[in-house]
Amino acid sequence: MFSAIARIFRTPDLRKKIGFTLGIIALFRLGSFIPAPFVDFGNVQACLAANQGASGLYELVNLFSGGALLQLSVFALGIMPYITASIIVQLLRVVIPHFDTLYKEGASGQSTLTQYTRYLTIALGLLQSTTLITVARSGALFGTSASAECSALITNDAWYAIMLMVITMTAGTGVIMWMGELVTERGIGNGMSLLIFTSIAALFPTSLMSIGNQQGIDVLLIVIAVGLLVVMAVVFVEQSQRRVPVQYAKRMVGRRTYGGNNTYIPIKVNMAGVIPVIFASSLLYLPALIAQFNQPAAGQEPAAWVTWVTNNLTSGDNPLYMLMYFLLIIGFTYFYVAITFNPEEVADNMKKYGGFIPGIRAGRPTAEYLDYVLTRITLPGSIYLGLIALIPLLAFSVIGADQNFPFGGASILIVVGVGLETVKQIDSQLQQRHYEGLLR
């Protein structure tokens with residue numbers, strides 16, 4: 001293990017790539033602590049300390065920004081606008097035929113889609129920064145029961161001050177997107193994924209220290225032990241796949257023989273990744289968000305539906321919330337897998353190049369077989385995602401952990417997934433130069 005790490009730093013090209021990646025990550029974390037213009041840094045820190053265990057509507061965005069959102073920093077929006085834009089562009093491939101045509105054109109078409117994603121990211125950055133500043137001005141950023149300090153986070157309410165804050169946060173989103181693309185081109189791994197990894201991992205020590213201070217060292221050790229078991233389970237499931245065998249018939253082109261080899265189609269147990277968890281969280285936040293903007297004036301009784309939403313859909317330890325969250329994740333897993341993996345397209349490509357699954361006729365029977373396999377393997381994958389996503393909610397209700405509980409939910413899925421992918425890339429780079437990788 002140590003000799004492999006030493007080989008990494010003895011390889012000049014790999015050493016430069018890792019150094020460049022670490023430098024970008026350091027700049028990214030630095031920007032998460034620089035406050036935006038006209039933000040009262042002292043009041044923000046006081047509100048963060050007073051509401052450390054609170055669970056607000058913006059906890060998912062705050063998680064992906066590494067805590068920068070609630071600090072109202074220049075990188076407050078984090079990578080979330082880019083993630084949202086990427087998901088929207090991917091879903092529009094199903095709705096808009098032009099997007100699907102661009103995707104199938106290869107590198108040139110996908111570069112056009114990437115450009116559309118960038119434009120949409122800036123537009124979402126403008127929208128989200130305006131919303132964030134509006135909520136901060138109203139004093140509801142840390143919840144309706146926050147102290148008076150949390151209502152005075154912004155020192156200047158003039159139009160030019162608000163505009164400058166919106167431009168600063170939107171520019172911060174653009175800089176983050178540029179940093180991620182730089183890491184992808186000149187560093188190691190996928191830049192955007194590594195920035196998300198950094199944002200989430202940066203909150204782990206604070207969350208563990210909070211559990212240790214509130215519950216004691218014995219509970220902390222139990223949490224770490226359970227966390228290691230969860231990480232092992234996530235690694236096992238993320239690497240699990242069903243390999244559908246494929247054979248290619250031999251073809252004569254001139255005097256040469258092509259094909260005749262055997263391969264397989266890898267169908268992962270968790271093909272949807274972390275997207276269903278994000279979808280389910282966002283959808284469950286909508287009723288609470290609508291209820292927050294329908295609060296009655298002082299001295300008036302709230303509407304019955306507002307009371308019901310506040311009692312049942314705003315707290316993660318509510319059994320109805322957990323059940324709806326679990327069922328939504330299962331539904332969104334099937335939805336997202338159906339969009340991203342098209343059995344008919346795979347069957348047509350196999351038929352075009354002379355490929356077939358042993359015992360299954362090419363064409364429509366192959367598509368039906370792949371759809372059958374995909375439907376069956378997605379069920380355990382969706383249940384696995386639902387159980388992992390419920391871990392932070394169970395920890396909140398059992399040991400009183402906050403929303404940044406490290407060993408569960410979207411955070412552990414992203415950290416393990418990005419970590420595995422980055423290690424594989426380093427391993428392949430080492431094998432190119434030393435014929436011996438990081439993993440054995």
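Residues numbered from 1 in each chain as written. Predicted model: local features only at pLDDT ≥ 70, side-chain atom pairs only at ≥ 80, totals over all residues. Heavy atoms only, no water.

(A) How the structure looks around the side chain of Thr 366. Within the element layout of this structure, Thr 366 appears in helix α16 (residues 364-398). Note on Thr 366: relative accessible area 2%, which makes it buried. With residues up to four places along the chain from it excluded, the contact list for Thr 366 reads Ala 347, Met 350, Ile 357, Ile 360 and Arg 361. (Helix = DSSP H or I, 4+ residues; strand = E, 2+ residues; numbered from the N terminus. Buried < 20%, exposed > 50% of the residue type's maximum accessible area, 1.4 Å probe, protein only. Contact = heavy atoms within 4.5 Å.)

(B) Quick peek at a nonpolar patch on the surface. Taken together, Trp 308, Leu 320, Leu 323, Met 324 and Leu 327 make up a surface patch of nonpolar side chains, about 450 Å² in accessible area. Sort the elements by how many residues they give to the nonpolar patch and helix α14 (residues 319-340) lands first, with 4 residues. One can find Leu 320 in helix α14. (Patch = residues over 30% accessible without salt bridge, like charges linked within 9 Å, V, L, I, M, F, W, Y side chains within 5 Å. Areas by Shrake-Rupley, 256 points an atom, 1.4 Å probe, with all protein chains shown as cover. Salt bridge = Lys/Arg side-chain N within 4 Å of Asp/Glu carboxyl O.)

(C) Quick look at the sheet that holds strand β1 (residues 241-248). As summarised here, the arrangement of the 3 strands in space is β4-β1-β5, forming an open sheet in which the pairing is antiparallel. In the strand order of this sheet, the two ends are held by β4 (262-268) and β5 (355-356), each with one partner. In this sheet, β4 lies alongside β1 in antiparallel orientation, the contact comprising 7 bridges. The residue bridging Pro 245 from the neighbouring strand is Tyr 264, located in β4. (Pairing = 2+ DSSP bridges.)

(D) Highlighting the pattern of salt bridges. This model, assessed by the stated rule, comprises 5 salt bridges. Among the salt bridges present, the one from Asp 157 reaches Arg 137, with a minimum N-O distance of 3.4 Å. With Asp 157 in the loop between α7 (107-138) and α8 (159-186) and Arg 137 in helix α7, this pair connects stretches of sequence that are 20 residues apart. In this structure, Arg 364 engages Glu 368 in a salt bridge whose closest nitrogen and oxygen atoms are separated by 3.4 Å. Of this pair, Arg 364 and Glu 368 are both found in helix α16, 4 residues apart, which corresponds to roughly one turn of the helix. Among the residues examined, Arg 364 registers a relative accessible area of 59% and is labelled exposed.

(E) Structural view of the packing of helix α2 (residues 12-31) against helix α9 (residues 191-201). Axis separation between α2 and α9 bottoms out at 11 Å; the angle between their running directions is 50°. It follows from the interaxial angle that α2 and α9 lie oblique. α2 and α9 meet at a crossing whose hand is right-handed. For the pair α2 and α9, contact is made by Thr 21, Ile 25, Phe 28 and Arg 29 and by Leu 194, Leu 195, Thr 198 and Ser 199, respectively. Partitioned by chemical class, the residues of the contact of α2 with α9 number 4 nonpolar, 3 polar and 1 charged. (Axes fitted to C-alpha atoms, helices over the stretch in contact; angles between N-to-C directions. Parallel < 35°, antiparallel > 145°, perpendicular 65-115°, else oblique. Left-handed = near helix turned anticlockwise from the far one by under 90°. Nonpolar A, V, L, I, M, F, W, Y, C, P; charged D, E, K, R; others polar.)

(F) Spatial organisation of the packing of aromatic side chains. By the definition in use, this model includes 7 aromatic pairs. Pairing Phe 28 with Phe 75 gives two aromatic rings, centres 6.1 Å apart and planes at 25°, and the pair type is stacked. With Phe 28 in helix α2 and Phe 75 in the loop between α4 (59-64) and α5 (80-95), the pair connects residues that are 47 residues apart, well separated along the chain. In this structure, Phe 28 and Phe 75 share a single accessibility class: buried. (Phe/Tyr/Trp six-rings, centres within 6.5 Å; stacked < 30°, edge-to-face > 60°.)

(G) Expanded view of a negative patch on the surface. A surface patch of like charges, here negative, comprises Glu 344, Glu 345, Asp 348 and Asp 371. A per-element tally of the negative patch places helix α15 (residues 343-352) first, with 3 residues. Within the secondary structure layout, Glu 344 lies in helix α15. Given a relative accessible area of 48%, Glu 344 falls into the partly exposed group. (Lys, Arg positive; Asp, Glu negative; His and termini not counted. Charge placed at Lys NZ, Arg CZ, Asp CG, Glu CD.)

(H) Expanded view of the pairing of β1. Judged from the 2 bridges that link them, β1 and β5 form a sheet pairing that is antiparallel. Along β5, the bridge assignment pairs Tyr 248 with Gly 355.

(I) Here's a closer look at the environment of Ile 339. Tracing the sequence through the fold places Ile 339 in helix α14. As for Ile 339 and Val 94, which are separated by 245 residues in sequence, their C-alpha atoms are 7.2 Å apart. Once you skip the residues sitting within four places of it in the chain, Ile 339 turns out to touch Leu 91 and Val 94.

(J) The nonpolar core, seen in detail. Judged by nonpolar contacts, the single largest core of 75 residues is most densely connected at Ile 79, Val 234, Ile 267, Val 277, Tyr 325 and Leu 413. Both domain 1 (16-187) and domain 2 (214-439) contribute no fewer than three residues apiece to this core. In this structure, Ile 267 is in contact with Gln 241, Arg 242, Val 244, Leu 370, Val 373, Leu 374 and Ile 377, ignoring residues within four places of it in sequence. Membership of the second largest hydrophobic core comes to 20 residues, among which are Val 44, Leu 72, Ala 136 and Ile 162. (Core = buried A, V, L, I, M, F, W, Y, C linked by side-chain atoms within 4.5 Å. Domains from an automatic or database assignment.)

(K) Geometry of the packing of helix α6 (residues 97-104) against α7. Two numbers describe how α6 lies on α7: the axes approach to 6 Å, and their chain directions differ by 130°. With respect to each other, α6 and α7 are oriented oblique. Residues His 98, Phe 99, Leu 102 and Tyr 103 of α6 pack against Gly 109, Gln 110, Thr 112, Leu 113 and Tyr 116 of α7. Grouping the amino acids of the contact of α6 with α7 by side-chain chemistry returns 5 nonpolar, 4 polar and no charged.

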